Amino acid sequence: MTDRVCVGAIAGAFGVRGEVRLKSFCAEAADIAAYGPLTTEDEGRSFDITLTRPATSGFAARLSGVMTKEAADALRGQRLFAPRSALPNLPDDEFYHADLLGLSARDTGGAELGKIAAVLNHGAGDILELRGPALKGSVLVPFTRAIVPTVDLASGRVIIDPPEGLFD
């Protein structure tokens with residue numbers, strides 16, 4: 001587990017007064033402002049966040065130290081990270097996406113299927129992207145209790161009971 005978790009990303013400038021369009025990856029989107037200060041991936045910059053209003057796919061927000069449209073535009077694409085200690089503890093059956101990345105995926109018989117390369121969500125629920133030497137490209141696995149009955153962070157693995165044909 002890492003000591004930081006990605007909680008959002010800057011989508012670009014919002015208006016001409018230094019606000020940014022902020023996309024939140026938090027379960028409660030507005031909570032992104034409560035976990036600050038947030039840092040960039042390289043930890044080169046740190047920002048206090050003030051949400052100003054809802055915007056398409058997120059919020060308009062003010063970031064400390066960002067005063068112009070040009071400065072806001074320069075941050076486009078930056079992912080923002082919160083210290084894990086600032087985030088709430090999760091129940092046993094919930095996980096931060098960052099904790100799933102790199103876990104070994106095995107079938108119910110113990111055979112290795114691959115590793116979790118990404119956790120995707122396009123609105124209908126989380127999907128695990130598996131990659132591995134035995135796979136031809138990526139395999140997308142719905143992250144449901146029926147298909148992924150076991151997540152063992154301590155052992156660094158998940159158990160997958162794939163529907164027939166998923167790995168053919």
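A short tour of the structure in this document, coming up.

What counts as what
- Residues numbered from 1 in each chain as written.
- Predicted model: local features only at pLDDT ≥ 70, side-chain atom pairs only at ≥ 80, totals over all residues.
- Heavy atoms only, no water.
- Phe/Tyr/Trp six-rings, centres within 6.5 Å; stacked < 30°, edge-to-face > 60°.
- Helix = DSSP H or I, 4+ residues; strand = E, 2+ residues; numbered from the N terminus.
- Lys NZ or Arg CZ within 6 Å of the ring centre and 35° of its normal.
- Core = buried A, V, L, I, M, F, W, Y, C linked by side-chain atoms within 4.5 Å.
- Buried < 20%, exposed > 50% of the residue type's maximum accessible area, 1.4 Å probe, protein only.
- Contact = heavy atoms within 4.5 Å.
- Polar contact = N/O pair within 3.5 Å; in protein donor to acceptor, adjacent residues only side chain to side chain.
- Pairing = 2+ DSSP bridges.

For the rest of this paragraph, the subject is the packing of aromatic side chains. One pass over the full model with this rule turns up 1 aromatic pair. On the numbers, 6.4 Å between centres and 50° between planes, the contact of phenylalanine 95 with phenylalanine 143 is tilted. Within this pair, whereas phenylalanine 95 is found in the loop between β7 (79–83) and α2 (97–100), its partner phenylalanine 143 is found in the loop between β11 (139–142) and β12 (150–152), the two being separated by 48 residues in sequence. Taking the ring centre of phenylalanine 81 as reference, the NZ or CZ of arginine 4 above it sits at 4.5 Å.

To continue, consider the nonpolar core. Within the largest apolar cluster, 21 residues are counted, with the highest numbers of intra-cluster contacts made by Val7, Leu38, Ile49 and Leu63. Breaking this core down by element, the ones donating at least two residues are β1 (4–14), β2 (19–24), β6 (58–63) and β7. Counting residues per element, this core draws most heavily on β1, which supplies 4 residues. Setting aside chain neighbours within four positions, we find leucine 63 in contact with Ile10, Val20, Phe47, Asp48, Ile49 and Leu75. Among the nonpolar cores identified, the runner-up in size contains 15 residues, and Leu103, Ala105, Leu113 and Val139 belong to it.

Assignment of secondary structure puts glutamate 129 in strand β10 (residues 126–131). Residue class for glutamate 129 comes out buried when judged on its relative accessible area of 11%. At 2.7 Å, the side chain of glutamate 129 forms a polar contact with the side chain of serine 138. Ignoring any residue separated from it by four or fewer positions in sequence, one finds glutamate 129 in contact with Lys115, Ile116, Ala117, Ala118, Leu120, Ser138, Val139 and Leu140.

So, on to the sheet that holds strand β5 (residues 49–55). Strands sit in the order β4-β3-β7-β1-β2-β6-β5 across an open sheet of 7 strands; the sheet is antiparallel. What marks the edges here is a single partner per strand, and that holds for β4 (46–47) and β5.

A few words on the pairing of β10. Here strand β9 (residues 112–121) pairs with β10 via 6 bridges, running antiparallel. Note that in β10 the partner of isoleucine 116 across the bridge is leucine 130. Counted along the chain from β9 to the antiparallel partner β10, the turn is 4 residues long, and its residue glycine 123 has a positive phi close to 110°. With 4 bridges connecting them, β10 and β11 associate as antiparallel partners. By the bridge assignment, isoleucine 127 is partnered in β11 with proline 142.

Looking at the element boundaries, lysine 23 is found in strand β2. On the basis of relative accessible area, lysine 23 is assigned to the partly exposed category, the value being 41%. Along the primary structure lysine 23 and alanine 11 are separated by 12 residues, whereas in three dimensions their C-alpha atoms are 6.6 Å apart. The contacts of lysine 23, once residues within four sequence positions are left out, are Val7, Gly8, Ala9, Ile32 and Ser57.

Worth remembering: the numbers are spatial, not functional.
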